[in-house]
Amino acid sequence: LPPEVPELIHACTKSYGKAKLVLHKGKYYIQTDDEDVLRILLADRVIQEARIYPKPGETSFAMVSAPENIAIAGGKEAVYDASTLDAVLAAMEKEDDEDVAAGDQDQDQNDDDDDDGDEDSSGDSNDEDRKRKNMYNPDDDSDQGEGKSAKRRKAGKRLKKKSFTKKLKQMVSIEIHGEHVEYVKRRCIEIDYPLMEEYDFRNDTRNPSIDIDLKPIAKVRPYQEKSLAKMFGNGRARSGVIVLPCGAGKSLVGVTAATTVKKPCLCLCTSSVSVEQWRHQFSLWTTIPKDQIGRFTAGGKNNTLCPITVTTYSMISHSGKRAPETQKMLNELKSREWGIILLDEVHVVPANVFRRVLGVVKAHCKLGLTATLLREDHKIGDINFLIGPKLYEANWIDLQRAGYLATVQCAEVWCPMTAEFYREYLNVSAAKRKLLYAMNPNKFRMCEYLVRFHEARGDKVIIFSDNIFALRLYATKLKRPFIYGPTSQTERIRILYQFQNNPELGTILLSKVGDTSIDIPEANVLIQVSSHYGSRRQEAQRLGRILRPKPRAGQNFNAFFYSLVSSDTQEMYYSSKRQQFLVDQGYSFKVITQLEGMDSTPDLAYSTKEDQLELLQQVLMADEAEASEKIEDMDADELGTNRWTMQRRAGGMGALSGADGFSYAEFERETNDGRYLSVDELLHRPVVRHSIFRKRFGGK
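None of the values given here were measured: they were computed from a predicted structure. In this numbering scheme, every chain counts its residues from 1 along its sequence in written order. Under the rules for a predicted model, residues below a pLDDT of 70 receive no local features and side-chain atom pairs below 80 are neither given nor counted, while totals for whole chains, interfaces and linings still include all residues. Calculated side-chain values reflect all of the structure's heavy atoms, with hydrogen atoms and water omitted.

Caption draft 1: The packing of helix H18 (residues 430-438) against helix H25 (residues 609-621), seen in detail. Each axis is a line fitted through C-alpha atoms, and for a helix only the stretch in contact is used; angles between axes span 0 to 180 degrees, taken between their N-to-C directions. Going along the chain from the N terminus, every DSSP run of H or I of four or more residues is numbered as a helix, and every run of E of two or more is numbered as a strand. With their axes 10 Å apart at the nearest point, H18 and H25 run at an angle of 150° to one another. Considering the angle they form, H18 stands roughly antiparallel to H25. When the axes of H18 and H25 are compared, the crossing they make is right-handed. On H25, the residues that touch Lys-432, Leu-435 and Leu-436 of H18 are Leu-616, Val-619 and Leu-620. Between 65 and 115 degrees an angle is taken as roughly perpendicular, under 35 as roughly parallel, over 145 as roughly antiparallel, and anywhere else as oblique. Left-handed is the label given to a crossing in which the near helix is rotated counterclockwise from the far helix by less than a right angle, and right-handed is the label when the rotation is clockwise. Here, two residues are considered to be in contact whenever any of their heavy atoms come within 4.5 Å of each other.

Okay, here's the thing in structure tokens:
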């Protein structure tokens, strides 16, 4: 390496690890063994405002008072007292005896060699012996009363004691407010003194240990073991983030970390469905009884706080009014001191709604798990001070080649817009454009063809659509069940169970609620018809739904990912942006412009122009609000977030009158012979009129 590279590394890391953030008895401390580092930190205004000054005569964290109100952990009384040194030296005595015995043998051999030499050499040897004796025991000039070995043993102990006391350093600490931890950690990174968080769980006697171990059936894969080695490399649990692809066993990594620490564990998830999945993972891989794996969810009849507790981010982050029992349980959860906290889908933590969770929950170690450490709002860097650094990241293609992930064929299918749809696409608003290219008739026909093709092969197909209007219409036309925000948890579990176990149900449709925290290992085909603009994270998360290894003999690919894109629309730009993360991981997208055999397939929907024009009329009349999904949190009823709230949005008089989204058709009633047609004749059906108007039209 060029000499500049090591110099740069040393310059950038010279202050790393100089200070630590420690949780002790529910209080947070900044701890360092260098008083100069602490003075630099205390000179910062943010840290000064977060500091808690000790009361006169008060000591905390086994510290003694020091000048300038700096509390010292491991001061002179703790470090140099006789009992501590005697205990340490007693453990080293065996090693000293072995070293001295080896030294005696060497010295006896040297004495024999010196006796065979000349007189001058003998004199030099005696001089060296006297110098060595004086160095070991300068106050004693004689050898009377003690043998040579005993003197050397005493001298070795003194040297060992001297070197040991030099290595022991004084630890200085200051206490900070718990709610200011986030700002302090961010500020320390900015001034190049990042705070390390390491949990010495083996020596933690305050928090009770849990009787939990992995079952013999749990086999940790090499890359999982490597990721955990990054976390427990120095014998302590280090806070940070582990990035593994979907289907690569992130849950087992989190469970193994909890069994290694053997302290109270809190697991945070994004939904109530994932809460049940995490409880199942703990029950499946560990020896802890299921009644000691608690849950804390909205509307849960059996909510309990146990040594292992699983809950959602929303249950903790919500600041509104709660039910009395829920509030009591939440207060107990906040008052506890957790050994480790597992954060599933950790990329959601930087959101303003969820980041307050880390300020109210006290945990010694934080482990974040995700497959996509990405955010389009550029807040992903906040995880460095909210959780910790990235400890390990596995490459998707490497795991695929090793056989741990399915071999996926990624394809981008170009669906040409019909002339009528494209004409309207060029003349409508942006929101309506998104609905038009999602409801492209050719896109639906290609989707239906792919569904028929893969169901005939016995594959399990998932269709993703962010557009709720398109989701409902696709599900209605294909006669398949769908899951979206308002779908109840019971209905979700029923649909997923049927999809996994019923061979007659080969396809389901999901909205964005299926992007994360839904485990569907049987699925091996994914069709995406509508997405969230250019979100790279969503593209990778959706691909992860089909990454579980699925051996299929005689085939190069055993999973298929289709992204249906309307040609010559803005969707093509978003598609290229969405694929960037997967391309960086080593995946390649095959472009398909025509599906062979589709034109000869009978009974495909929207094959005639009349059907396409009817669909266009439905799309143009659809309310734009139906196109976007408002994710309803499963905890909303408990948290009271389903109440009506006032919102301001742009609209016209049509919206106020209830006519928004409706269109009126004008008919020519006069015939060539001058006769006017009735409404019944125009519509080719009898008109049912309200009773108020029946008398005017002859009682009809």
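Caption draft 2: Quick peek at helix H10 (residues 250-261). Each helix should span, by expectation, one fewer than its residue count multiplied by 1.5 Å. In this model H10 runs 17 Å from its N-terminal to its C-terminal C-alpha over twelve residues, within 8% of the 16 Å that 1.5 Å per residue would give. Most of H10 sits inside the fold, with ten of its twelve residues counted as buried. Buried residues are those whose accessible area, probed at 1.4 Å on protein chains only, stays under 20% of the maximum for their type, while exposed residues exceed 50% and partly exposed ones sit between those limits. Turning to H10, its buried residues number three or more, namely Lys-250, Leu-252, Val-253, Gly-254, Val-255, Thr-256, Ala-257, Ala-258, Thr-259 and Val-261. Trailing H10 by a residue or two, Lys-262 shows a phi angle of about 60°, which is positive.

Caption draft 3: Quick look at a nonpolar patch on the surface. Judged by side-chain polarity, Leu-1, Val-5 and Ile-9 come together as a nonpolar surface patch covering roughly 320 Å² of accessible area. Take Val-5: it is sitting in helix H1 (residues 4-13). The partly exposed category is assigned to Val-5, whose relative accessible area is 32%. Here the term patch refers to residues with relative accessible area over 30% and no salt bridge, with like charges joined within 9 Å and nonpolar side chains (Val, Leu, Ile, Met, Phe, Trp, Tyr) within 5 Å. Surface exposure here means Shrake-Rupley accessible area, sampled with a 1.4 Å probe, where a residue is shielded only by the protein chains that are shown. What makes a salt bridge here is a side-chain nitrogen of Lys or Arg within 4 Å of a carboxyl oxygen of Asp or Glu, nothing more.

Caption draft 4: Quick look at the state of the cysteines. Disulfides are defined as pairs of cysteine sulfur atoms found within 2.5 Å of each other. Applying the stated rule across the entire model yields zero disulfides. Among the cysteines around Cys-447, which has no disulfide bond, Cys-415 carries the closest sulfur, lying 9.1 Å off.

Caption draft 5: Highlighting the side chain of Ser-531. With respect to the helices and strands, the residue Ser-531 is situated in the loop between strand S21 (525-530) and helix H22 (536-543). Here a polar contact means two N or O atoms within 3.5 Å. Within protein one must be a hydrogen donor candidate and the other an acceptor candidate, and residues neighboring in sequence count only if both atoms are side-chain atoms. A polar side-chain atom of Ser-531 sits 3.5 Å from a polar atom in the side chain of Arg-578.

Caption draft 6: Highlighting the sheet that holds strand S10 (residues 240-243). Strand order across the open sheet formed by seven strands is S12-S13-S11-S14-S15-S10-S16, with parallel pairing between neighbours. Of all the strands in the sheet, just strand S12 (293-296) and strand S16 (390-393) have a single pairing partner and so form its edges. Averaged over all adjacent pairs, the angle separating strand axes in this sheet is 20°, with direction ignored. Two strands pair under a simple rule: DSSP has to find at least two bridges between them. Where S12 meets strand S13 (residues 308-312), four bridges bridge the pair, whose relative direction is parallel. Bridge pairing in S13 links Ile-293 to Ile-308.

Caption draft 7: Structural detail: the packing of helix H9 (residues 222-231) against H10. At a closest axis distance of 10 Å, the pairing of H9 and H10 adopts a crossing angle of 45°. Taken together, H9 and H10 sit at an angle that is classed as oblique. Pair H9 / H10 crosses with right-handed handedness. From H9, Gln-224, Ser-227, Leu-228 and Met-231 reach across to H10, where they touch Leu-252, Val-253, Thr-256 and Ala-257. Three classes are used: nonpolar for Ala, Val, Leu, Ile, Met, Phe, Trp, Tyr, Cys and Pro, charged for Asp, Glu, Lys and Arg, and polar for all others, with Gly counted as polar. Grouping the constituent residues of the contact of H9 with H10 by class yields five nonpolar, three polar and no charged.

Caption draft 8: View of the packing of aromatic side chains. A pair of aromatic rings is counted whenever rings of Phe, Tyr or Trp (Trp by its six-membered ring) have centres within 6.5 Å, and the orientation is called stacked for planes under 30 degrees apart, edge-to-face for over 60 and tilted otherwise. One pass over the full model with this rule turns up 16 aromatic pairs. Look at Phe-482 and Tyr-484: their rings are 5.4 Å apart centre to centre, the planes differ by 40°, and that puts the pair in the tilted class. By relative accessible area, Phe-482 is classed as partly exposed at 25%. Residue class for Tyr-484 comes out buried when judged on its relative accessible area of 16%. Consider the rings of Tyr-533 and Tyr-574, whose centres lie 5.4 Å apart with planes at 85°: the pair is edge-to-face. Taken as a pair, Tyr-533 in the loop between S21 and H22 and Tyr-574 in helix H23 (residues 570-578) lie far apart in primary sequence, 41 residues in all. The class for Tyr-533 is partly exposed, based on a relative accessible area of 41%. Looking at Tyr-574, the relative accessible area reads 16%, which means it is buried. Connected via pairs of aromatic rings, a cluster forms that spans Tyr-199, Phe-201 and Phe-232.

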